[in-house]
Amino acid sequence: MTVVKEHSCGTTLREIRIRSGFETNLVSNFPRKDEQMTAFLKEVFLPQGYPDSVSEDYMEYQIWDTFQELCSSLNGTLASHAIFKGIGVGNSQATALGATYTWLLKDGAGMLSNVLFAWSKGTLLDIDCKRWRLFADVLNDIAMFVDLLSPLAP
C-alpha cells in the first residue's frame, strides 16, 4: 500500500491510500480554522523541527528573550521621547535646524562607532558570541539611559 499525504503549515490536510493499481481510498482531514492558525503560528515563530531540533530549555529562553526585547522596545520609546524633548520638540524657542543637527550628530556618532567596533572586533564576534551579545545589551542599556538624561542637558 502507498500513502500520499498533503501537508500545510505542519498539518496533514489529506491522505490518499493506494492499495492496488486502481483502488484508492481518500481520507480527508481538513483542520478547523483554529487548528490552522495554531499550525501557521508554530511554523512562523518556532524553529523548523521544533521541539526535536532545539534543546529542552529553548521555550523558557525564548520567553525571557521576548520579555527582554519588549522591555528594550519600551525603553527605546521612552528614550526617543526624551531625545525629542531634549532637542526641543514642543519648545517654541527651539529651531528645526538645531534639532536636525543634534539628531544627525547623534545618529552619525552611533553609525561611526558601529563601523569602528566591527572593524576592530569583528573577528572575535564568532569566537565568543554570548559574551559579545551581553556586552552589546549592556552598551545598549547605557546608551538608552544617556538618552533618557538628554532633557536635563539641552
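None of these values were measured; they are calculated from a predicted model.

## Details of the packing of aromatic side chains
A full pass over the atoms with the stated rule returns five aromatic pairs. For the ring pair Phe117 and Phe135, a centre distance of 6.2 Å and an interplane angle of 25 degrees mean the geometry is stacked. Of this pair, Phe117 sits in helix α3 (residues 96–121) while Phe135 is found in helix α4 (residues 129–149), placing the two residues 18 residues apart along the sequence. Note on Phe117: relative accessible area 31%, which makes it partly exposed. For Phe135, a relative accessible area of 37% corresponds to the partly exposed category. By the ring-pair criterion, three or more aromatic residues cluster together here, those being Phe117, Trp132 and Phe135. The positively charged end of Arg131 is found above the aromatic ring belonging to Trp132, 4.9 Å away from the centroid.

## What to know about the pattern of salt bridges
Tallied over the full model, the rule gives four salt bridges. Note that Arg133 and Asp65 form a salt bridge whose closest N and O atoms lie 3.2 Å from each other. Placement of the pair is Arg133 in helix α4 and Asp65 in helix α2 (residues 58–86), with a sequence separation of 68 residues. A relative accessible area of 37% places Arg133 in the partly exposed class. With a relative accessible area of 18%, Asp65 lands in the buried category. Of the charged contacts, one joins Glu69 and Arg133 as a salt bridge, the two residues approaching to 3.9 Å between their closest N and O atoms. Here Glu69, found in helix α2, pairs with Arg133, found in helix α4; they are 64 residues apart in sequence, far enough to count as distant. Under the relative-accessibility criterion, Glu69 is labelled partly exposed at 42%. What you see here is one network of salt bridges that share partners, running through Asp65, Glu69, Arg133 and Asp137.

The rules behind these values
Residues numbered from 1 in each chain as written. Predicted model: local features only at pLDDT ≥ 70, side-chain atom pairs only at ≥ 80, totals over all residues. Heavy atoms only, no water. Phe/Tyr/Trp six-rings, centres within 6.5 Å; stacked < 30°, edge-to-face > 60°. Helix = DSSP H or I, 4+ residues; strand = E, 2+ residues; numbered from the N terminus. Buried < 20%, exposed > 50% of the residue type's maximum accessible area, 1.4 Å probe, protein only. Lys NZ or Arg CZ within 6 Å of the ring centre and 35° of its normal. Salt bridge = Lys/Arg side-chain N within 4 Å of Asp/Glu carboxyl O.

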